[in-house]
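Here's the letter readout for the chains.
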Amino acid sequence: PPVLYSEFQESEVPASYVASLDGDADRIVFHYTDSRGKLVLLDGDKIAVLISSFLQEEIRYLSTEVPEAKKIKCGIVQTAYANGSSTRYLKNIVQTEVAIAKTGVKHVHEMAHHHFDVGTYFEANGHGTVLFGPKFYDLLAKAEQKLISTSRTQRATIAWQRLRLLPKLVNQAVGDALSDLLIIDAILYLNGWDLQRWSGLYNDMPSRQCKVKVKDRSIISTNSNETKTISPASLQPALEAAMESMNSISLNPLSQARTFVRPSGTEDAVRIYAEAQTQDEANLLATEAATLVYKLCNGVSEIPTLPGQTRL
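Note that this is a predicted model, so its numbers are computed, not measured.

Criteria and cut-off values
- Residue numbering note: each chain is counted from 1, following its sequence as written.
- Whole-chain, interface and lining totals are the exception, using all residues; otherwise, since this is a predicted model, local features are given only for residues with pLDDT of at least 70 and side-chain atom pairs are given and counted only at 80 or more.
- With hydrogens and water set aside, each side-chain value is computed from the structure's full complement of heavy atoms.
- In summary, the pairing rule links any two rings of Phe, Tyr or Trp, Trp by its six-membered ring, whose centres are within 6.5 Å, and it sorts them by plane angle into stacked for under 30 degrees, edge-to-face for over 60 and tilted for everything else.
- Elements are defined by DSSP. Helices are runs of H or I of four residues or more, strands are runs of E of two residues or more, and each kind is numbered from the N terminus.
- Look at NZ for Lys and CZ for Arg. If either is within 6 Å of the ring centre and within 35 degrees of the ring normal, a charge sits over the ring.
- The rule for a salt bridge is simple: a side-chain nitrogen of Lys or Arg has to be within 4 Å of a carboxyl oxygen of Asp or Glu.
- Accessibility here uses a 1.4 Å probe with only protein chains present; expressed as a share of the type maximum, an area under 20% marks a residue as buried, one over 50% as exposed, and anything in between as partly exposed.
- Any two strands with at least two DSSP bridges between them are considered paired.
- Interaxial angle, 0 to 180 degrees, is taken between N-to-C directions of lines fitted to C-alpha atoms, where a helix line uses only the stretch in contact.
- Any two residues whose heavy atoms approach within 4.5 Å at even a single point are treated as in contact.

Draft legend 1. Region of the structure containing the packing of aromatic side chains. Within this structure, the stated rule accounts for eight aromatic pairs. Aromatic pair tyrosine 81 and phenylalanine 260: ring centres 4.9 Å apart, planes at 75°, arrangement edge-to-face. Of this pair, tyrosine 81 sits in the loop between strand 4 (74-78) and helix 2 (84-94) while phenylalanine 260 is found in strand 11 (residues 258-263), placing the two residues 179 residues apart along the sequence. Sitting over the face of the ring of tyrosine 202, lysine 46 holds its NZ or CZ atom 4.6 Å from the ring centroid. Across from the ring centre of tryptophan 160, 4.4 Å away, lies the NZ or CZ of arginine 164, which sits over that ring.

Have a look at this one:
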């Protein structure tokens, strides 16, 4: 069972499997120390990938005996801040639908509720949950009629038993770190995995975040999911040119560097996110994006100085 440690027992915490919660226990992240003594973080993206992979696999097994399971629409809701490696893993390996929502729990929750029969969302900070729609519960009822008399060791029956327990374990109303801890621990146990095996599903792309102070943040507008800017009209083409330039000079021919900017909701500033194949490239792209925002959006004060700052 999980063991709780206070801040005064830090030296007693085992380095191989640790979960950290925030003050009101609606967010959770996992981490461990690798053989080099480096802290390895498994954030909300990794949580979403693990849960989604488990759901998809169990539903596939159930569909071998209950064809209606194939009609269940499963999906993940992310924001533009989700690491690009997680998005590609979900699309290409898990083969699930990924929807991008505007930043904020209310936006991702709403999209998960309206777009999927089983919708999973976790922000990078570990806040999230799984939502089960009416079609999912109808599927469980149909599966019970077909499988109630079958062998309990039959894989489709095992999948049904696991899936029917999930809504009892998951807190669908709000992020609940304790229930998230239990479902993650259960999935890892069933898979026979430790945190190292889970972390190895994919490697996060290095990223950099910063902000630029501007005179008036209202001059910057974005599309509905904040992945592209609409105004000023010259900003998005300039950002796309910076991304293309980064991909062309990257040492990795498969580079998929990206950056986006969005106005702050609390101050006259523009928040910038950039990711690339290396940390130096992510820093460089963030610097270029910050410079473009400063010039095209009436920046004030100074352009943020980042490690390895040069110009593309």
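Here the narrative resumes.
Draft legend 2. Main features of the pattern of salt bridges. What the rule picks out here adds up to 11 salt bridges. The salt bridge involving glutamate 58 is made with arginine 162; its shortest N-O contact spans 3.1 Å. In this pair, glutamate 58 sits in helix 1 (residues 44-63) while arginine 162 sits in helix 5 (residues 155-169), placing the two residues 104 residues apart along the sequence. Measuring nitrogen to oxygen at the nearest pair gives 2.7 Å for the salt bridge that ties lysine 211 to glutamate 267. Of this pair, lysine 211 sits in strand 8 (residues 207-213) while glutamate 267 sits in the loop between strand 11 and strand 12 (269-275), placing them 56 residues apart in sequence. Among the residues examined, glutamate 267 registers a relative accessible area of 25% and is labelled partly exposed. Overlapping salt bridges bring together Glu58, Arg155 and Arg162 as one network.

Draft legend 3. Inspection of the sheet that holds strand 7 (residues 128-132) at higher detail. With respect to topology, four strands assemble into an open sheet ordered 5-4-6-7, the strand pairing being mixed. In this open sheet, the two edge strands, each paired with only one partner strand, are strand 5 (97-100) and strand 7. Within this sheet the neighbouring strands show an average axis-to-axis angle of 20°, counted without direction. When strand 4 meets strand 6 (residues 118-122), the two strands line up parallel, connected through four bridges. Bridge pairing in strand 6 places valine 77 opposite tyrosine 121. Lying on the sheet, helix 1 is in contact with strand 4, strand 6 and strand 7; it crosses strand 6 at an angle near 165°.

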